[in-house]
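# Topology and contacts: notes
Listed below, chain by chain, are the residues.
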Amino acid sequence: MHLGATLRLLRTDAGLSLRDLARRIGVSSAYLSRVENGVDAPPTPERLSAIARELRVPSSLLMDVANRMSPSVAAYMEEVPGAGALFLDIAQRRLSGLQLARVRDFLDAEFPAAPGRRDAPVPPLAPLLAPERVVVQLSCADWDDVLDVVAERLASSQPGMDVARVVGGLKRHREESSCAVGGGVAVPHSFLPGAVPTAALVTLATPLAGDTPDGKPLRVVVAILDAERGNPQLVRLAHLARLAAHGLADRLLGLSQPAQVLSSLEELEALR
């Protein structure tokens, strides 16, 4: 997975220049540029935590995209050896996302987390979708065709919103920063005053070749429309990058009905 594309997308949406973010985390802008372009390896967990703090997103999201273990998890496993055996037991049982959610609910009820010791909840994507905004196995000739389809779906849920305005917003934002996050997934998004937070999701019958960070063609497009930039939107984008890193496209491509897509997405989000 290409962590750098996610970092660049989040940094741009946060309104930070390469130099600004580099200075805040104590590295050179040349180093951060190499990370964003996939030349250097993903940063250490400690540095990823610093980046997450400056972007105001949960560090666990960036750790998952980079396939890194959080320093707090490593420290806990060293302090309590039995924790590693428990993690292995969970892995061997191959619990589904919904089953893990039940385990998490049990932990919350029996052993509540201390205030400030747990990341803020991540706003899920599924509630922003509806069957009429999920298009399965779409045949499109190019990227503009995809944008036209998702813009029509997004505008249809916004009273008085013109499709051309939505398309224009998606294209303008894409010019600021690539919306491809790797794993065959792109997340075009736009901010238009008066818009109600809404998402549309498209799976493609034929993958679209293009300028993607990991060289994989686009297979799933998740478009988001919101009224303004802000921290919840950054967190949601990081969450989508995490889903892409953990096989979102592979999970959705074999499905033939919008209801199946929504159900699979809900399960994957419960897992994460």
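Preceding block: the structure.
These lines cover the structure that appears in this document, whether it is placed above or below. (Residues numbered from 1 in each chain as written. Predicted model: local features only at pLDDT ≥ 70, side-chain atom pairs only at ≥ 80, totals over all residues. Heavy atoms only, no water.)

In total, this model carries 1 aromatic pair according to the counting rule given. Look at Phe106 and Phe111: their rings are 6.4 Å apart centre to centre, the planes differ by 80°, and that puts the pair in the edge-to-face class. Residue class for Phe111 comes out exposed when judged on its relative accessible area of 56%. (Phe/Tyr/Trp six-rings, centres within 6.5 Å; stacked < 30°, edge-to-face > 60°. Buried < 20%, exposed > 50% of the residue type's maximum accessible area, 1.4 Å probe, protein only.)

As for its placement among the helices and strands, Ser190 is situated in strand 4 (residues 189-191). Owing to a relative accessible area of 2%, Ser190 belongs among the buried residues under this scheme. One polar contact links the side chain of Ser190 to the main-chain carbonyl oxygen of Gly169, over a distance of 3.4 Å. (Helix = DSSP H or I, 4+ residues; strand = E, 2+ residues; numbered from the N terminus. Polar contact = N/O pair within 3.5 Å; in protein donor to acceptor, adjacent residues only side chain to side chain.)

Strand residues, when the strand is regular, have side chains that alternate between the two faces of the sheet. Among the 5 residues that make up strand 1 (residues 134-138), 4 are buried, leaving the element largely enclosed by the rest of the structure. By the bridge criterion, 3 bridges tie strand 1 to strand 5 (residues 198-208) in an arrangement that is parallel. Among the inter-strand pairings, Val134 is bridged to a residue of strand 5, identified as Leu201. (Pairing = 2+ DSSP bridges.)

Among the nonpolar cores identified, the biggest contains 53 residues, and Leu62, Leu125, Leu129, Val185, Val187 and Leu201 are the most heavily contacted of them. At 8 residues, helix 11 (residues 231-245) tops the list of elements feeding residues into this core. Ignoring anything within four residues of it in the chain, the contact list for Val187 reads Leu9, Cys179, Val181, Val222, Leu237 and Leu240. The next biggest cluster of nonpolar side chains, apart from the first, holds 28 residues, and it includes Cys140, Leu147, Leu154 and Leu170. (Core = buried A, V, L, I, M, F, W, Y, C linked by side-chain atoms within 4.5 Å. Contact = heavy atoms within 4.5 Å.)

Turning next to the pairing of strand 6 (residues 218-226). Taken across its 9 residues, strand 6 has 8 buried, putting it largely inside the fold. Strand direction decides the pairing type here: strand 3 (residues 185-186) and strand 6, joined by 2 bridges, are parallel. Looking at the pairing, Ala186 lines up with Val221 of strand 6.

If you walk through the whole model with that rule in mind, you get 9 salt bridges. Across the salt bridge formed by Arg93 and Asp89, the nearest N and O atoms sit 3.1 Å from each other. Of this pair, Arg93 and Asp89 both sit in helix 7 (residues 81-93), 4 residues apart, which is roughly one turn of that helix. Look at Asp89 and you get partly exposed, because its relative accessible area is 28%. (Salt bridge = Lys/Arg side-chain N within 4 Å of Asp/Glu carboxyl O.)

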